Every structure is written in structure tokens, then in C-alpha cells.
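# Overview (structure and organization)
Now for the letters of each chain:
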Amino acid sequence: MRSLMVTSIGVTCAAALTLPLAAPALSAPVPHASSARPPSAAPQSPGAGPPAAPATHAGSAPTESTPTDSRTATGAPAGEPDDRSAGVAGSTQSLPLERLAASSDRSAAPAPGRGLDRRTTRPFSLVGVVWDDAEAELHGTVQVRTRAAGGERWSDWQDVETHNDEHAADLGSDERASGAVRGSTAPLWVGASDGVEVRVHPEAADEEGRSIAVRLPEGLRLELVDPGPDPVTESVPAGQAGAVPGGRTSATPASLPVRPGPPPAGTAAVVPETLTAASAAASAVNAEFAPLGASLIPAMTQAETAEAAAEAAEEAVGAKPYIGPRPGIITRKGWGADEKLRERNFAYTKTVKAAFVHHSATGNNYTCKQAPSVLRSIYRYHVKSSGWRDFGYNFAVDKCGNIYEGRAGGVSRAVLGAHTLGFNTNTMGIAVLGSYSSTNPPAAAVTAVAKLTAWKLGLFGRNPKGKVTLVSGGSNKYAKGKKVKMNVISGHRDGFATECPGARLYKKLGTARASSAHLQGR
């Protein structure tokens, strides 16, 4: 397998081409008041353009300053920065939780809960709770109720998944040690809303005295995420991501390499005027598959994929590769990722030995048309609220079977993600949008997982029905350094004691393995 590092020439040149054409100036993400992310020292690709403008820190004057109940009109506490002023799509309201009235039964619940009474806020579509210490766990319950935007109707109380620390960068990694990472619940998609109420209660003491009530983590905050408007792109019908949008004729697919590697030297690139240096860099790593700035990487047929793969395999080992047809993949540009949010550089691992399947635990109350908004919300929650370097998963799949590029760095490359604590090295993570503990995953989503893994695992010579040995980076299931034999297509719970990817989705992984191997021609 050839080296997976992106060459500095390809990315730097692509970024440089955009500089005279980029309309908005680059601006740095506004960090949480508690911490600002330092530059990562991980081995990565070169940067995504010139240095960003200095970040706005806590204490700077917010853009909107009309106080309402000691808060600015943005919903953030007075004196905190309003990230809407940073030229970044979408916004996040971060509200510190207040002490709730203590229970009358002090023997059962001596530790008081935290929450917020009903209140009007700026519009948002996704909620979550974060806290200061990433190593602390929230043992208890988190419930929210929201008011539909522009109306008077309040939802019923909804549970937020509190056990989310297993979806994270590995212990000891540069991303984990950045100083910016916070503890967090899973995010919950609630749809367009402008009012919220939240309550967080710690686990109560056992009535028979066998346990005591636990304390909640310090620094609890409610995060309300507005994904911002959808990008102006050519539409892709639900479940039709494999088609080239707008009826365009794609470049001859068979001539495009399907194995990881930099774009061919001397390849002419047409740079859309709307691309910034950061978005150009994120797109350039996929330049062997689609034009710079494309919203979709078109699908290839089995014959086209096999022909290109065979040519690459003959150069490498002289053997016919097993690989599935490349599926259509909606790029970060296609779902509207704001590249100014993420850390500039890309981080890679050596290879891809296995794929871990997850559910996003964001709920099933979304339409496929809303999936890009869900992704932008999760992305913003991962980076701005949880302190991660980028979107955690390498890929995402919606209920209609559309496949989306996740963490930046190139869809064919071994990008280091933050999806399976202890097993992010040499693996990839696929999140099926939704919650599948008690709901069956749509067949289209399972099929999409099979198509994606047949292609991506095929690039690295992996058999979807095979086994692989991985070395744990440390989790609640396997100690650091332990060698673990797993399925090449595994569920998150195989590497960590967790409910993810939900019992119903986990039961479908056998089907996904068989279909993936069949698509590879095995």
C-alpha cells in the first residue's frame, strides 16, 4: 500500500489558487471561554492557507449586547463572544446550567440537580450538554423539552444520551491532549426551535444504602446549535447520491485512480470563486475523484472501479484486487461544512484495517432533506462544544442511504478519526444518523454501509467477512496495549462497553458484511 500522506505540493497549490478569489477572509473559530485550542503537533498534511485571524476571547464585546435576564440577545452570558460575528455559518448558544431545588428526600438525592427553566432563545436545531473535565463522566439523566420555532407548542421531555465519552479521540493522542476537549453528552436533533427547558439529575442513592448519590461534573452548560442555512449546491435526490447532479457528464471514471495517493502532477484545476483556502484544501485531497469544489464524488460502476483498481494493483503486487464499486459520496462542500471551524491540518494513520459502525444517537426525527443540517450541527457540536479538531466520524450515512464525507483529509485515505475510543488508529468510523436501540435501521442505510465498506476496505485489501487484530489504545473494555481480534466490520460495542450502534443496527452488521464481501466479488 502506497503512502497515504498528502503531498504538500497538491494541497498548497490548490489553496494558493484560491487566495485571490476567496471573498471572505479566514477567521479563527471562537473558542470556549475556558480554553483555546493550541496548534496540534500531530503528523499531518500541510496547512489550509494563510494564518487565521486572532481568535476572539472571552471578555470581548459581543456583537449584540441588549441584555435579557443578565444575558446578551444571543443567549450567551454577558461578556461571552457571539460566534455569529466570526463570519462562520451557524451559531452556538452556550448557557451555564443553574442549581435546581434540592429534593425533599435528602437521603436519596443529596446532590442537587442542574437545569434551566423554560426560556426563549435564538433559533437552534440541536442540543447537548457539556462540562469542563473530559475525563469526568455524567452519571445521571439529562432531559430537554423544546418549543417549535415560531409557535407555542412545547415538546414532551426527551432523553439525551449521557454516555458519550466512548466517541472520542484516543487517550494520550494529540487531539485528546490539546487542552480544548470537554466532556459531553451525545447531541440530540430537535428540529427548528426557539425555546428550551432542561433538567440534569445525578444518579440517586440506592434505597437500601448500597450506594450513594454521585455528584454532577463541574461546569455544566447547555449547548444550543443552529446549523445555519443549507449550502447553495446542485440538489441530490434522496438515495441518489450515486448520480451526477445536474445531469453533468463526469470525467471518464476508469481513468481516475481508486487507491490512495496525491493528485497527478500537472493536473489542471478549475477553482470556483466561492472557495476559500480552507475549503480548497479540504476539496483538493479528493481531486483524483471530482473537480475542486465539487459537492459530489460520483459513483463508478463495478467494471470501471475494477479496471482502475487492477491497474493500480498490477503496479503494486501484480494481483487482482477485491474491491466494490465506488459509491457516490456527498462531500463536505456538499453538506455545507464550514472549513473555518476545524483545525487546519489533516491527521492520518497508517492504514485502514477495520470499519466501526455507529449510530449518531441524535434521534430519528429528521428527514433526508434535513440530513445536511444534522451533519452541520453535529460538526459544530464536536468542534465548538466538545473541543475536537473536526467532525468525529470518517463517514456518515442517512436513513435514505446517502453517504457523506466526514472528517476532512480525503475519502480514500486513512484519516485519523475520533469515533471509537481506544481503536481510532488504523480504522475508520461510519455513523448512521439516528438512534437504533429500539428502532430498526432502514434497509437503505444498511445497504449504504455495505457499499461504502466494499469500496473503502477494498482500497486497503480487507475482506469485509474477515477478522483482524487491533491493538487497544485503552478503553473500558480492553486495556491499553492489549491485542484484540475483531471483525473487519465491527460495531462500536465490540471495542467499548456501550449500547452503540444500538441493538437493532448491530444485528444488521452480519447482513452488511455479507453484502460488502459480495460487492467485492468474494
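Quick note: structure is the one above.
Cut-offs applied
- Residues numbered from 1 in each chain as written.
- Predicted model: local features only at pLDDT ≥ 70, side-chain atom pairs only at ≥ 80, totals over all residues.
- Heavy atoms only, no water.
- Helix = DSSP H or I, 4+ residues; strand = E, 2+ residues; numbered from the N terminus.
- Buried < 20%, exposed > 50% of the residue type's maximum accessible area, 1.4 Å probe, protein only.
- Pairing = 2+ DSSP bridges.
- Disulfide = S-S within 2.5 Å.
- Core = buried A, V, L, I, M, F, W, Y, C linked by side-chain atoms within 4.5 Å.
- Contact = heavy atoms within 4.5 Å.
- Arc of directions from axis to C-beta.
- Axes fitted to C-alpha atoms, helices over the stretch in contact; angles between N-to-C directions.
- Parallel < 35°, antiparallel > 145°, perpendicular 65-115°, else oblique.
- Left-handed = near helix turned anticlockwise from the far one by under 90°.
- Nonpolar A, V, L, I, M, F, W, Y, C, P; charged D, E, K, R; others polar.
- Expected span 1.5 Å × (residues − 1).
- Phe/Tyr/Trp six-rings, centres within 6.5 Å; stacked < 30°, edge-to-face > 60°.
- Lys NZ or Arg CZ within 6 Å of the ring centre and 35° of its normal.
- Salt bridge = Lys/Arg side-chain N within 4 Å of Asp/Glu carboxyl O.

Here we take up the environment of Arg344. The topology assignment puts Arg344 in the loop between α4 (332–335) and β11 (354–359). With 45 residues separating them in the primary sequence, Arg344 and Arg389 have C-alpha atoms 8.6 Å apart.

Right, let's talk about unusual backbone geometry for a bit. Here Cys500 and Pro501 are connected by a cis peptide whose omega angle stands at 10°. You can see Pro501 is positioned in the loop between β17 (489–491) and α7 (503–506). The backbone of Ala361 sits at a positive phi, close to 60°, despite the residue not being glycine. Within the fold, Ala361 resides in the loop between β11 and α5 (371–385). Despite not being glycine, Asn426 shows a phi value in the positive range, around 60°. Here Asn426 lies in the loop between β13 (403–405) and β14 (427–432). Residue Asn426 is classed as buried on the basis of its relative accessible area, which comes to 14%.

With that out of the way, let us pick up the pairing of strand β7 (residues 188–202). β7 sits mainly inside the fold: twelve of its 15 residues count as buried. Pairing geometry for strand β3 (residues 114–131) and β7, over eight bridges, is antiparallel. When the bridges of β7 are listed, Leu116 appears paired with Val198. Here strand β4 (residues 140–148) pairs with β7 via nine bridges, running antiparallel. Looking across to β7, one finds that Arg145 is bridged to Glu197.

Inspection of every chain in the model, using the stated rule, returns one disulfide. Paired by a disulfide, Cys368 and Cys400 hold their sulfur atoms 2.0 Å apart. Taking the torsion about the S-S bond as the criterion, the Cys368 to Cys400 disulfide, at about 95°, is right-handed. Taken together, the residues Cys368 in the loop between β11 and α5 and Cys400 in the loop between β12 (395–397) and β13 connect sequence positions 32 residues apart. By relative accessible area, Cys400 is classed as partly exposed at 27%.

Formed by 64 residues in total, the largest nonpolar core has its most connected members in Phe395, Ile430 and Trp455. In terms of residue count, helix α6 (residues 443–459) provides more of this core than any other element does, eight residues in total. Those residues in contact with Ile430 that sit more than four places away from it in its chain are Ala355, Phe356, Val357, His358, Phe395, Val397, Val449, Leu452 and Thr453. In terms of nonpolar packing, the next biggest core, distinct from the first, is built from 20 residues, Leu95, Leu138, Val160 and Leu222 among them.

This part covers the environment of Val200. Along the polypeptide, Val200 turns up in strand β7. Residues Val200 and His139 lie 61 residues apart in sequence; the distance between their C-alpha atoms is 9.9 Å. For Val200, the residues in contact, after removing those within four places along its chain, are Leu97, Leu100, Gly113, Arg114, Leu138, Thr141, Val142, Leu216 and Leu220.

Taken residue by residue, helix α8 (residues 509–519) has Leu509, Ala512, Arg513, Ser516 and Ala517 as its buried positions. Projected onto a plane normal to the axis of α8, the buried residues spread over an arc of 125° and lie on a single side. Looking at the buried side of α8, the elements it contacts are β11, α6, β16 (483–487), β17 and α7. One or two steps after α8, the chain reaches Gly521, where phi turns positive at roughly 85°.

This paragraph deals with the packing of α6 against α8. Relative orientation of the contacting elements α6 and α8 amounts to 45°, with a least axis distance of 8 Å. One way to sum up the angle between α6 and α8 is to call them oblique. Judged by the sense of rotation from one axis to the other, the crossing of α6 with α8 is right-handed. On the side of α6, the interface is formed by Val446, Val449, Ala450, Lys451, Thr453 and Ala454, while α8 contributes Ala512, Ser515, Ser516 and Leu519. Considered class by class, the residues forming the contact of α6 with α8 number six nonpolar, three polar and one charged.

Taking 1.5 Å of rise per residue, the 15 residues of α5 would be expected to cover 21 Å, and the 20 Å separating its terminal C-alpha atoms lies within 8% of that figure. Counting buried residues along α5, 15 of its 15 residues qualify, which places the element largely inside the surrounding structure. Phi turns positive one or two residues past the end of α5, at Gly387, with a value near 80°.

This structure, assessed with the given rule, holds six aromatic pairs. Ring centres of Phe289 and Trp455 lie 6.0 Å apart, and the angle between their planes is 75°; this geometry places the pair in the edge-to-face category. On the criterion of sequence distance, the pair formed by Phe289 in the loop between α2 (277–284) and β9 (296–297) and Trp455 in helix α6 is long-range, its members being 166 residues apart. Here the two residues Phe289 and Trp455 agree in accessibility, since each one is buried. Judged by centre distance (5.7 Å) and plane angle (90°), the ring pair of Trp335 and Tyr379 falls under edge-to-face. Of the two residues, Trp335 sits in helix α4 while Tyr379 sits in helix α5, which places them 44 residues apart along the sequence. By relative accessible area, which is 0% here, Trp335 ends up buried. Following the ring pairs from residue to residue traces out a cluster consisting of Trp335, Tyr379, Phe391 and Tyr393. Over the ring of Tyr366 we find Lys399, and its NZ or CZ is 4.3 Å from the ring centre. Positioned over the ring face of Tyr506 is Arg493, at 4.7 Å from the centre of the ring.

Let us look at the pattern of salt bridges. Using the criterion set out here, one finds 13 salt bridges in the structure. With its nearest N and O atoms 4.0 Å apart, the salt bridge here joins Arg119 to Glu98. Of the two residues, Arg119 sits in strand β3 while Glu98 sits in strand β2 (residues 98–99), which places them 21 residues apart along the sequence. A relative accessible area of 35% places Glu98 in the partly exposed class.

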